[in-house]
Amino acid sequence: MKRIKNYAISLLLLLSHSAFANYEVNRITYLNIDASINPAIFNFLEDNLKKLSKENGDLAFIKLDTPGGLVSTTKDILTLIGSLDYPVGVWITPEGASATSAGAIISSAAHFLVMSEGTNIGAATPITMGKDIDQKDGRAKAVNDIVALVRSLSKARGRTPDFFEKMISEAISLDARDALEKNVIDKIVNRQSDLIDFLATSSVTIKGEEMKLIVAKNVMTRTVEMDPGQQILNIFSNPTTAYILFIIGAALLYFELQAPGGFIAGALGACCLVLAGIGFQVLPLNFGAVGLILLSFVLFILEVYITSFGILTIGGIIALILGSLFLFRTDNSLIELEISVIISVVASITAYVSFLGWYIFKTWHKHKDFYGHAHDEGVVLQVLDRDKKKYQVRIEGEIWTAKSEEYLELHDAVEVISQDDEHLTMIIKKI
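What counts and how
Residues numbered from 1 in each chain as written. Predicted model: local features only at pLDDT ≥ 70, side-chain atom pairs only at ≥ 80, totals over all residues. Heavy atoms only, no water. Helix = DSSP H or I, 4+ residues; strand = E, 2+ residues; numbered from the N terminus. Buried < 20%, exposed > 50% of the residue type's maximum accessible area, 1.4 Å probe, protein only. Contact = heavy atoms within 4.5 Å. Pairing = 2+ DSSP bridges. Right-handed = clockwise from strand over helix to strand, strands pointing away. Expected span 1.5 Å × (residues − 1).

Asks: Outline the environment of Leu-285, supporting the account with residue identities and numerical values.
Replies: Residue placement: Leu-285 occurs in the loop between helix H11 (264-280) and helix H12 (287-305). Its relative accessible area of 17% is what places Leu-285 among the buried residues. Taking the C-alpha atoms as reference points, Leu-285 and Pro-239, 46 residues apart in sequence, are found 9.9 Å from one another. Residues contacting Leu-285, with those up to four places away along its chain left out, are Phe-280, Val-290, Leu-327, Phe-328 and Thr-330.

Asks: Break down the pairing of strand S3 (residues 88-92) for me, with residues and values.
Replies: Of all 5 residues in S3, 5 are buried; the element is thus mostly enclosed. Here S3 shows no split at all, with Val-88, Val-90 and Ile-92 on one side and Gly-89 and Trp-91 on the other all buried. In this sheet, S3 lies alongside strand S2 (residues 58-64) in parallel orientation, the contact comprising 5 bridges. By the bridge assignment for S3, Lys-63 is matched with Trp-91. As a crossover connection, the stretch from S2 through helix H3 (residues 71-83) into S3 is right-handed. Two elements, S3 and strand S5 (residues 112-115), share 4 bridges in a ladder whose sense is parallel. Counterpart to Trp-91 in the pairing with S5 is Val-114.

Asks: I'd love a proper account of H3, names of residues and values included.
Replies: Between its terminal C-alpha atoms H3 stretches 18 Å, which fits the 18 Å expected from 13 residues at 1.5 Å a residue. Burial in H3 covers these residues: Val-71, Thr-73, Thr-74, Ile-77, Leu-78, Leu-80 and Ile-81.

What follows is the structure, encoded as structure tokens:
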């Protein structure tokens, strides 16, 4: 009799526990991330995830497509997910998306990890570490720390930790089908209805408590996007966008120094540099690499003033390539520029500098003085002082202050007799 009584009590406790372990999902919130992992992304996730709760039956899914990002921000996101009392999943979508570097690390912490067909996950380090991880390089300690963290998280979520480790130590990458086969992800999901069906048959463990999900087919869903400010920062924090804006800004300032007078190129260059700076403030910036890029443009400018027969230009191109390769390579980053982007930028700048060098040589060969305008023709733009016969003229795209021995009118064609570079004036005559 006593045994029967104990069995009944145990059965009641089991039923009570099972009832308590059910988690009815009342709302699924989708958070879209299509950018590098930076503080703006963390702010977006924190603002929205903190508004959800277990009491309201919330479940969040991060729709992820990222090239990587900051290690510090990645760890902040992992801590954020671990602090929540409701499930948070990661859905690598749409087709063509990837969870690379920091994205793979964040995925290891998801309570549910699903991928769409045609996506990939992995390559969680910008350099192929391989066996070098055992050597004493500057990044070994940071990489080993991430490996231990990812192994712990993936094991806690019931996934194979070895492949998550290899994503970091060997930079492997898996497509959706390989990831499912190797127990890296939970399911291949292409539509929202497929995701809901999968969740309805799933259970999850949060802070040691195992819960069976109850998800209705018509469960309420909503998608949250970044606010306008976060979206703008998101655009400029893309490594490729920030890099190209920086290069364009520097190139336009370089052009302004070579052909002064209009200020349009300089103003646009300054704007591009400011926009690049907005992105750089949230990206892992290697200031040594920035210095190399700036040095490259200094060398390009010096080539105009110093006859080096192309040596300074070659040095500038080398500095530009090295600076571009290491621009985002820091101990706190998991992103890098695509080689195709670097090749395109370097090739464009090399072509421009080569053309400029050819033009300078051609002009020098003609005048024997690149900055000299003797015998060049121009046009009167403005009469500055008729009594003193002082005018503003345009000579081969440059604006000069000029003096004449005769009275001139607007749009008169003139020829340069001589010039004074120190005071930017020239003596002209009417043609």
